Amino acid sequence: MALFDKISNLTKSAVDKTNEMIETTKLSAKVNSENSKIAVLKNRIGEYYWTQFENGSVLDAEVMEFCAEIKTIAAGIEAINAEIQALKDSKAAPVPAAVKEGKACASCGNIIPLGKKFCPECGAPMPVEEAQPAAAAKFCPSCGVQMDADKKFCSECGYKID
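What counts, and at which threshold
- Residues numbered from 1 in each chain as written.
- Predicted model: local features only at pLDDT ≥ 70, side-chain atom pairs only at ≥ 80, totals over all residues.
- Heavy atoms only, no water.
- Helix = DSSP H or I, 4+ residues; strand = E, 2+ residues; numbered from the N terminus.
- Buried < 20%, exposed > 50% of the residue type's maximum accessible area, 1.4 Å probe, protein only.
- Contact = heavy atoms within 4.5 Å.
- Areas by Shrake-Rupley, 256 points an atom, 1.4 Å probe, with all protein chains shown as cover.
- Axes fitted to C-alpha atoms, helices over the stretch in contact; angles between N-to-C directions.
- Parallel < 35°, antiparallel > 145°, perpendicular 65-115°, else oblique.
- Salt bridge = Lys/Arg side-chain N within 4 Å of Asp/Glu carboxyl O.
- Phe/Tyr/Trp six-rings, centres within 6.5 Å; stacked < 30°, edge-to-face > 60°.
- Patch = residues over 30% accessible without salt bridge, like charges linked within 9 Å, V, L, I, M, F, W, Y side chains within 5 Å.
- Lys, Arg positive; Asp, Glu negative; His and termini not counted.
- Charge placed at Lys NZ, Arg CZ, Asp CG, Glu CD.
- Core = buried A, V, L, I, M, F, W, Y, C linked by side-chain atoms within 4.5 Å.
- pLDDT = per-residue confidence, 0-100.

A. Geometry of the overall build of the protein chain. A tally of helices and strands in the protein chain yields 3 helices and 4 strands. Taken from N to C terminus, the helices and strands of the protein chain fall in the order α-α-α-β-β-β-β. Residue burial in the protein chain is summarised as follows: out of 162 residues, 9% are buried. A fraction of 1% describes how many contacts in the protein chain between residues 6 or more apart in sequence connect residues 24 or more apart. For the protein chain, the computed accessible surface area is about 14,000 Å², with 59% contributed by carbon and sulfur atoms.

Put into structure tokens, the structure is as follows:
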């Protein structure tokens, strides 16, 4: 019987500790909820004083200092946002057509239209580009459609190319 009494006591002790933990957790949740309510009310107090400041009311010296600091920080944020926008605007500038249709001179950086042999600014010769040989045209023996030389099947009829 002593063994059953010990097991019974251990079980009762474990249940009591579990109930205690559950109760403690519930109370901690209530404390956290009440702390959240306090934080919301503090924010409302801050919003009230900020509104008073913006409306031109004279507040305590310390509150006025806080509000002035907020205004200084906000002005700094505006300046940073203006810098960000300026960077975005400068990067979004359209590329001149000459840049799209030419190459930069290796000597002076001037944009030279395609097909020109010398830079009109510094007279430097443009490198001659050797034309790449075009791949031989390949035709499907089944349907006759032109196809890329490296393909193994015709995309028109599915014929396997050797």
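B. Highlighting the packing of helix 1 (residues 2–54) against helix 2 (residues 61–91). In contact at an axis separation of 11 Å, helix 1 and helix 2 are set at 80° when each is read in the N-to-C sense. When the interaxial angle is binned, helix 1 and helix 2 end up roughly perpendicular. Contact with helix 1, carried on its side by Y49, W50 and F53, involves V63, M64, C67, A68, I70 and K71 of helix 2 and no other residues of that element.

C. Quick look at the pattern of salt bridges. Counted under the stated rule, the structure contains 2 salt bridges. D16 serves as the salt-bridge partner of K12, at 3.7 Å between the closest nitrogen and oxygen. With a gap of 4 residues between them, K12 and D16 both fall in helix 1, about one helical turn apart. For D16, a relative accessible area of 41% puts it in the partly exposed group. Across the salt bridge formed by K37 and E34, the nearest N and O atoms sit 3.3 Å from each other. On the criterion of helical spacing, the pair formed by K37 and E34 is a turn pair, its members being 3 residues apart in helix 1. We classify K37 as partly exposed; its relative accessible area is 46%.

D. Highlighting the packing of aromatic side chains. Tallying each qualifying case throughout the model produces 2 aromatic pairs. Here Y48 and Y49 contribute two aromatic rings whose centre-to-centre distance is 5.5 Å and whose plane-to-plane angle is 75°, an arrangement assigned as edge-to-face. Look at Y49 and you get partly exposed, because its relative accessible area is 34%.

E. Region of interest: a negative patch on the surface. A cluster of acidic residues, D60, E62, E65 and E69, forms a negative patch on the protein surface. Relative to the elements of secondary structure, D60 occurs in the loop between helix 1 and helix 2. For D60, a relative accessible area of 56% translates into the label exposed.

F. Broad picture of the nonpolar core. With 5 residues, the main nonpolar core is built from C105, I112, C119, A124 and M126. Apart from the residues within four sequence positions on either side, I112 is in contact with G102, K103, C105, F118, C119, P120 and M126.

G. Up close: the confidence of the model for the protein chain. When pLDDT is averaged across the protein chain, the result is 84; 88% of the residues are at 70 or more. Mean pLDDT across the elements of the protein chain bottoms out in helix 3 (residues 97–100) (50) and peaks in helix 1 (90).

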